[in-house]
Amino acid sequence: MPKKFYITTPVYYVNDVPHIGHTYTTVAADVLARWHRALGEETFFLTGTDEHGAKIETKAREMKIAPRKYADEISTKFKQAWRELNISHDNFLRTTDPAHVKAVQNALQQMYDKGDIYLGKYEGLYCRGCEQYKSERDLADGLCPDHLLAPEKMSEECYTFRLSKYQDKLLKLIKNNKLKILPVNRKNEIVNFIEDQGLEDVSFSRKNVGWGIPIPWDKAHTIYVWADAFLNYLTGLGWDGTNAPTPLSKGGAGGLKFWPPTAQLMSKDILRVHATIWQAMLLSLGLPLSRTLFVHGYFLVDGQKMSKSLGNVIAPDELVKKYGVDASRYLLMSATVFGRDGDIGWKKFDEKYNADLANGLGNLVSRVANLVEKNKLELKLSGFARSGVARKIGSDKKLIKAYRESMENFKFDQALKLLWQKLRDSDEILSDKKPWKLEDKKAVKKILAPVAQNILNAAGLLEPFMPEVSQKIINQFSAKQIAKGEPLFPRI
RNA sequence: CGCGGGGUAGAGCAGUUGGCAGCUCGCCAGGCCCAUAACCUGGAGGUCGGGGGUUCAAAUCCCCCCCCCGCAACCA
């Protein structure tokens, strides 16, 4: 039975159009999904949009359209962005999808029946203008920024999840890496948090939010957005919320064939809830926990936090328009160390595009293809003619091993550096041996064949990052008679 | 004493199971002239934030201090 690989991005909240941060997570997930498919593993890649909640309700009201319509519009933008970026997700889950809604209700009913959800109280600061609770962070000088009112302390009844019940179990599972949290400093952060502050029960429903999934046993309440959102990782596989835990023991029926997720990617702001509430929900439902939560950092744009007010937000379509699909993917993945904050910006992207893609990969491909074509050589290259895994990833075992190791550790920048080292080696060989000076075709061939082979091997391993360019190069260099062709990356 | 990240060549960054300090861009000199005015070689440029300690050996481990930046759960 082939190995299974299930990877997720968060469902993106539709309070905003896609930006480079969403794009980063999604491209990274896509790179991993493509790589594991190339390895012959059975792979499922899930992404989607999170569409319920008070914020969306308010936003739609401001725009004088129905929440549903608003969510449709933004969700479509995410879909378009991922199509443009050649994202190979197997499902795009919307939390407004009727099947998801039903499954969430079923799941909460299970948790309620088990006694893990009870009627409790929520206390918070309520703004009468907004008719909403506000967090302290929403306030400016203690006032609601929209209405300039001081919010009042209010409380209301709400259904509450017994998160505290699972604290010790969770802590143990995190500590012994049954639930892996990477990079390791993030794990430490969560362990410290749980040990220092402990886990309190959290509210799972609201009374005054209409745009949400009704609590099945009490329709006056709607399900709080994150309980709704987390379950996408299950419903995105086709789970209906009723049949856990038995399906697993019976070979993975009920849509849970891919469960549990091999890797869940996210940015650091949502790690805490993923490592606690989400995993506790799984414990409550009797399902295995995620294997790995991988937390990547934020992009800073020219040293500053990306924000609307600074006007430095980069959108995916801007990126694609300027550099093309594959180059955009490359720039995102090579820009910083995955797992840390990193500084990006147009200037940096331009530089990297020219250095690595135009002058590096693109130029080398032209250079070699041209030399082969001029000499009318027929190179018999290997690596993509055979069957099986090697057909997709080439024949350079040493390179594959190192690359594989980098990918397993989410070190995308390192994986790419390995490939680029091969390219640089090839340029060096050419400058050194000067095949363009030689008359003897056999001698020329002897020089060019290994160089072309290097390119072909690198191209195979490049597929997860640059699927189209990879295919182009493979086609070009697998041809009986290699021809020069158009530049892959025109200089900027 | 809230938690965490960062401070390495002019700029941007890699490098922590300790072992001659590296990459990209820029600058200087040379080579090549096949290739997208691309490519290759060499050079200048660093007390690896500061101080102390461990060690034959520290950017890397330990302690103290300074500076910058995130996060601090009902906010997805």
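Since this is a predicted model, take the numbers as computed values, not measurements.

1. With respect to the pattern of salt bridges
Side chains that carry opposite charge are capable of pairing whenever their charged atoms lie near each other. Counted by the stated rule, this structure contains 19 salt bridges. For arginine 34, the salt bridge is made with glutamate 463, and the minimal N-O distance between the two is 3.0 Å. Residue arginine 34 is located in helix H1 (residues 20–38), and its partner glutamate 463 is located in the loop between helix H17 (441–462) and helix H18 (467–478); the two are separated by 429 residues in the primary sequence. Measuring nitrogen to oxygen at the nearest pair gives 2.5 Å for the salt bridge that ties lysine 165 to aspartate 116. Taken together, the positions of lysine 165 in the loop between strand S6 (152–161) and helix H5 (167–175) and aspartate 116 in the loop between helix H4 (98–113) and strand S4 (117–127) put the pair 49 residues apart, joining distant regions of the chain.

2. A word on the packing of aromatic side chains
Aromatic ring pairs are defined here through the distance separating the ring centres and the angle between the ring planes. The final tally for this structure, using the stated rule, is 28 aromatic pairs. Consider the rings of phenylalanine 412 and phenylalanine 465, whose centres lie 6.1 Å apart with planes at 80 degrees: the pair is edge-to-face. Taken together, the residues phenylalanine 412 in helix H16 (residues 412–433) and phenylalanine 465 in the loop between H17 and H18 connect sequence positions 53 residues apart. For phenylalanine 465, a relative accessible area of 0% gives the class buried. An aromatic cluster is present here, built from Tyr6, Phe44, Phe230, Tyr233, Phe258, Trp259 and Trp278 joined pairwise through their rings. Its end group placed over the ring of phenylalanine 193, arginine 272 keeps NZ or CZ at 3.7 Å from the ring centre.

3. Structural notes on the nonpolar core
The biggest cluster of nonpolar side chains holds 93 residues, and the ones touching the most others in it are Met333, Leu361, Trp420, Phe465, Met466, Phe477 and Phe489. Considering each element in turn, this core owes the most residues, eleven residues, to helix H13 (residues 346–374). With sequence-adjacent residues up to four places away left out, phenylalanine 489 is seen in contact with Ala327, Tyr353, Leu357, Ala358, Leu361, Gly362, Met466 and Val469. In this structure, Leu46, Tyr159, Trp239 and Met266 belong to the second largest nonpolar core, which totals 54 residues.

4. Concerning unusual backbone geometry
Across the junction of leucine 182 and proline 183, the peptide omega takes the value -10 degrees, indicating a cis bond. If you trace the backbone, proline 183 turns up in the loop between strand S7 (180–182) and helix H6 (184–197). Backbone geometry at asparagine 177 places phi at a positive 65 degrees, although glycine is not the residue there. You can see asparagine 177 is positioned in the loop between H5 and S7. Residue asparagine 177 is classed as partly exposed on the basis of its relative accessible area of 38%. One non-glycine residue, lysine 434, lies in positive phi territory at about 45 degrees. Among the secondary structure elements, lysine 434 is positioned in the loop between H16 and H17.

5. Here we look at the environment of aspartate 425
Relative to the assigned elements, aspartate 425 resides in helix H16. Given a relative accessible area of 27%, aspartate 425 falls into the partly exposed group. As a C-alpha pair, aspartate 425 and proline 487 span 62 residues in sequence and 20 Å in three-dimensional space.

6. Examining the side chain of glutamine 476
Mapped onto the fold, glutamine 476 is located in helix H18. When its relative accessible area of 16% is taken as the criterion, glutamine 476 is described as buried. From its side chain, glutamine 476 meets the backbone oxygen of lysine 484 in a polar contact 2.8 Å long. Those residues within four positions of glutamine 476 in sequence are excluded, and the remaining contacts are Val365, Ala369, Ile482, Ala483, Lys484 and Gly485.

7. Remarks on the confidence of the model for chain A
Across chain A, the average pLDDT comes to 87, with 90% of residues at 70 or higher. Low pLDDT (under 50) marks residues 247–251, which in the prediction has seven contacts with non-local residues, meaning those over four places away or in another chain. Of the two predicted TM-score estimates for the complex, the pTM is 0.93 and the ipTM is 0.90.

8. Things to note about the sheet that holds strand S13 (residues 292–296)
The strands making up a sheet are joined through hydrogen bonds of the backbone, oriented either antiparallel or parallel. The six strands are arranged S3-S2-S1-S12-S13-S7 in an open sheet whose pairing can be described as parallel. With one partner strand each, in any of the chains shown, strand S3 (91–94) and S7 form the two edges of the open sheet. Ignoring which end each strand starts from, the neighbouring axes of this sheet average 20 degrees apart. Alignment of strand S12 (residues 263–267) against S13, held across four bridges, turns out to be parallel. Across the sheet, residue leucine 265 finds its bridge partner in S13, namely phenylalanine 294.

9. Details of the sheet that holds strand S11 (residues 218–223)
Read from one edge to the other, the open sheet built from three strands follows the order S9-S11-S10, with strand pairing classed as antiparallel. The open sheet has two free edges, formed respectively by strand S9 (205–206) and strand S10 (214–215), since each of these has just one partner strand. Of the pairings in the sheet, the one linking S10 to S11 comprises two bridges and is antiparallel in character. What sits directly across from proline 214, in S11, is threonine 222.

10. Brief notes about the packing of H13 against H17
Orientation of H13 relative to H17, taken along the N-to-C sense of each, is 140 degrees, at an axis distance of 11 Å. Overall, the two elements H13 and H17 adopt an arrangement that is oblique. Considering the relative orientation of H13 and H17, their crossing is left-handed. Touching Leu361, Leu364, Val365, Val368, Leu371 and Val372 of H13 are Leu448, Val451, Ala452, Ile455 and Leu462, all from H17. Looking at the contact of H13 with H17, its residues break down into eleven nonpolar, no polar and no charged.

11. Some points on the pairing of S12
Here S12 lies mainly inside the structure; five of its five residues are buried. By the alternation rule, side chains of S12 split into Ala263, Leu265 and Ser267 and Gln264 and Met266, which are all buried. Inspection of the sheet shows strand S1 (residues 4–13) paired to S12 by two bridges, in the parallel sense. Across the sheet, the residue bridging to threonine 8 is glutamine 264, located in S12. Remark: the S12/helix H10 (residues 271–285)/S13 crossover connection has right-handed handedness.

Calculation criteria
- Residues numbered from 1 in each chain as written.
- Chains lettered and ligands numbered in written order.
- Predicted model: local features only at pLDDT ≥ 70, side-chain atom pairs only at ≥ 80, totals over all residues.
- Heavy atoms only, no water.
- Salt bridge = Lys/Arg side-chain N within 4 Å of Asp/Glu carboxyl O.
- Helix = DSSP H or I, 4+ residues; strand = E, 2+ residues; numbered from the N terminus.
- Phe/Tyr/Trp six-rings, centres within 6.5 Å; stacked < 30°, edge-to-face > 60°.
- Buried < 20%, exposed > 50% of the residue type's maximum accessible area, 1.4 Å probe, protein only.
- Lys NZ or Arg CZ within 6 Å of the ring centre and 35° of its normal.
- Core = buried A, V, L, I, M, F, W, Y, C linked by side-chain atoms within 4.5 Å.
- Contact = heavy atoms within 4.5 Å.
- Polar contact = N/O pair within 3.5 Å; in protein donor to acceptor, adjacent residues only side chain to side chain.
- pLDDT = per-residue confidence, 0-100.
- Pairing = 2+ DSSP bridges.
- Axes fitted to C-alpha atoms, helices over the stretch in contact; angles between N-to-C directions.
- Parallel < 35°, antiparallel > 145°, perpendicular 65-115°, else oblique.
- Left-handed = near helix turned anticlockwise from the far one by under 90°.
- Nonpolar A, V, L, I, M, F, W, Y, C, P; charged D, E, K, R; others polar.
- Right-handed = clockwise from strand over helix to strand, strands pointing away.

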